[in-house]
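One-letter residues, chain by chain:
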Amino acid sequence: MKVLHLNAGNETGGGMVHILSLLNQFNREEFYLGLLEHGTFETKAKELGVNTLVFEQTSRYDLSVLFKIIQYIKKNNIDIVHTHGARANLYGYLIRKLTKVVWMTTVHSDPRNDFLGRGLKGNVFTKLNLAVLKKPDHYFAISERFAKMMGDFGVQHDRITTILNGIDFDKKSTNKISYEDLKLNPQDFVILMVARFDPVKRHELAILAIEEVLKKYSSLKLLFVGDGPARQPMEELVEKLNLTGSVLFLGHRENVDSFYKLCDITLLTSKTESFPLVLLESSKEKTTVITTDVGGVKDMIPDQSYGFVLGDDKVEDISKAIMTAIEFKENGKLKEMGEKFYIYTSQNFSIQSMADSIYQTYKKFVSE
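What comes next is a walk through the structure. Values in this document were obtained by computation on a predicted structure and should not be read as measured data. (Residues numbered from 1 in each chain as written. Predicted model: local features only at pLDDT ≥ 70, side-chain atom pairs only at ≥ 80, totals over all residues. Heavy atoms only, no water.)

### Quick word on the overall build of the chain
Tallying secondary structure elements over the chain gives 14 helices and 13 strands in all. Expected size for 368 residues packed as a compact globule is a radius of gyration near 21 Å; at 21 Å, the chain falls within 12% of this value. Projected onto its principal axes, the C-alpha positions of the chain cover 65 × 45 × 40 Å. Within the chain, the proportion of its 368 residues that are buried is 54%. For the chain, the share of sequence-separated contacts (at least 6 apart) that also reach a separation of at least 24 residues comes to 69%. Here the chain displays about 16,800 Å² of accessible surface, and carbon together with sulfur accounts for 48% of that area. (Helix = DSSP H or I, 4+ residues; strand = E, 2+ residues; numbered from the N terminus. Rg over C-alpha atoms; globule rule 2.2 N^0.38 Å. Buried < 20%, exposed > 50% of the residue type's maximum accessible area, 1.4 Å probe, protein only. Contact = heavy atoms within 4.5 Å. Areas by Shrake-Rupley, 256 points an atom, 1.4 Å probe, with all protein chains shown as cover.)

Below you can see the structure in the form of structure tokens.
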């Protein structure tokens, strides 16, 4: 059996981590990674020893890359093409039309929001992506909510396998960072948000919530780790609200484990997610979370004793949750929540169980 995973290659967030974590579990002789662009994804894949090829698409609209991919499939006798993301899905659809390979895709996000805030072009891409997403031979949904969503789109239930995301809880971080490195004070209540700057992540909700909390608690810091097209408007908002001393933009970081250890709470304000890896990564460091109720969040946070799942995603709800977390830190309850969060996730969301489930699905299709 030979499987080619295909991605645009410009992913540096949860999608990249998911794919690399998965491929790292598999036999190198059976699995290949195809990317359309050079970048961080390629570098990290090669560091892991994953068989990686960049097809070098000259632009997003360079369709000649399709023939490079098909040639590679035929030369290496690929049985399954497994796509991740809207651009890869489009090529998966075309490859399926022109070859005999099985086409599978992982639904990492709500396709209705993948091009949020990109105007007319975004609307066109959204419609194209939704049309293409009805064509794969099989789907992997990373949460029960996303499996239901695909069913609502008209996909038959037997074409969907739900695989809850997982991480390697045994892998320890060697990266160290201290309060002094970030010019923080030990008495600060530190909130971490790890997310690319994209409209769907809604960083503005975090900023506006911090503005409210600072009226009562002055020793508060919000750390943004990530980069993206929406970063500048968020920096301008922080400056407008006079929050530059309380909100830090740290840019893209290769290793964020130490940031989870450093902070008191991890925050997620997304409009949509599938199964947020940032929350699992936070649980690994026994740091609890405040999150909007998106994707598979309630699979990993079954009730409010494990973390804060917002009933609504208004600024006042986020700020109230932060103030409660500050009170919990003062009475020792926040640390207990982090410990409980870690025990539950480490027992239920290992990378090995996720990989086994996907591998068995591959075998079933190849044998058939």
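### A word on the pattern of salt bridges
Inspection of the entire model under this criterion finds 17 salt bridges. For Arg87, the salt bridge goes to Glu37, with nearest N and O atoms at 2.7 Å. Highlighted residues: Arg87 in helix α4 (residues 86-98) and Glu37 in the loop between β2 (31-35) and α2 (40-47), separated in sequence by 50 residues. Counted as one network, the salt bridges with shared partners bring together Arg145, Asp293 and Lys298. (Salt bridge = Lys/Arg side-chain N within 4 Å of Asp/Glu carboxyl O.)

### Some thoughts on the sheet that holds strand β9 (residues 220-225)
The parallel open sheet is built from six strands, whose spatial order is β10-β9-β8-β11-β12-β13. The sheet terminates laterally at β10 (247-249) and β13 (308-309), the two strands that pair on one side only. Bridging between strand β12 (residues 289-291) and β13 involves two bridges; their strand directions are parallel. Directly across from Ile290, in β13, lies its bridge partner Phe308. Helix α7 (residues 203-213) rests against β8 (189-194), β9, β10 and β11 (265-268) of the sheet, and its axis sits at about 170 degrees to β9. (Pairing = 2+ DSSP bridges. Axes fitted to C-alpha atoms, helices over the stretch in contact; angles between N-to-C directions.)

### Focus: helix α13 (residues 333-348)
Given a rise of 1.5 Å per residue, 16 residues ought to cover 22 Å, and the 23 Å separating the end C-alpha atoms of α13 matches this to within 8%. Of all the positions in α13, only Leu334, Met337, Gly338, Phe341 and Thr345 are classed as buried. Burial along α13 is one-sided: seen end-on, the buried residues are contained in an arc of 100 degrees. The outward face of α13, more than 90 degrees from its buried face, is lined by the exposed residues Lys335, Glu336 and Gln347. (Expected span 1.5 Å × (residues − 1). Arc of directions from axis to C-beta.)

### Some remarks on the pairing of β2
Where burial is concerned, most of β2 is hidden: five out of the five residues are buried. Burial along β2 is two-sided: the residues Phe31, Leu33 and Leu35 and Tyr32 and Gly34 are all buried. The handedness of the strand β1 (residues 3-7) to β2 crossover, carried by helix α1 (residues 14-23), is right-handed. Both β2 and strand β3 (residues 51-54) contribute to a ladder of four bridges, which runs parallel. The residue of β3 that forms the bridge with Gly34 is Leu53. In this fold, the crossover linking β2 to β3 by way of α2 has right-handed handedness. (Right-handed = clockwise from strand over helix to strand, strands pointing away.)

### Re the sheet that holds strand β4 (residues 80-84)
Sheet strands associate in pairs through backbone hydrogen bonding, adopting either a parallel or an antiparallel arrangement. Strand order in the open sheet made by the seven strands is β3-β2-β1-β4-β5-β6-β7, with parallel pairing throughout. In the strand order of this sheet, the two ends are held by β3 and β7 (160-162), each with one partner. In this sheet, neighbouring strand axes are inclined to one another by 25 degrees on average, regardless of whether the strands run parallel or antiparallel. The sheet strands contacting α4 are β1, β4 and β5 (102-107), and the helix crosses β4 at an angle near 155 degrees.

### Examining the packing of aromatic side chains
Scanning the entire structure with this criterion turns up 15 aromatic pairs. Ring geometry for Phe55 against Tyr72: centres 5.7 Å apart, planes inclined by 80 degrees, an arrangement best described as edge-to-face. One end of the pair, Phe55, is in the loop between β3 and α3 (65-75); the other, Tyr72, is in helix α3, with 17 residues separating them in the sequence. Of the two residues, Phe55 and Tyr72, both sit in the buried class. Each member of the aromatic cluster is reached from another via a ring pair, and the members are Phe26, Phe31, Phe140, Tyr359 and Tyr362. Here the guanidinium or amino end of Lys286 rests over the ring plane of Tyr342, the centre of that ring lying 5.0 Å away. (Phe/Tyr/Trp six-rings, centres within 6.5 Å; stacked < 30°, edge-to-face > 60°. Lys NZ or Arg CZ within 6 Å of the ring centre and 35° of its normal.)

### Here we look at the nonpolar core
Of all hydrophobic cores here, the largest spans 58 residues; its most connected members are Leu33 and Tyr362. Here this core gets six residues from one element, more than from any other, and that element is helix α14 (residues 351-367). Once residues lying within four places of it in the same chain are set aside, the contact partners of Leu33 are Leu4, His5, Ile19, Leu20, Leu23, Phe41, Ala45, Val50, Asn51, Thr52 and Leu53. (Core = buried A, V, L, I, M, F, W, Y, C linked by side-chain atoms within 4.5 Å.)

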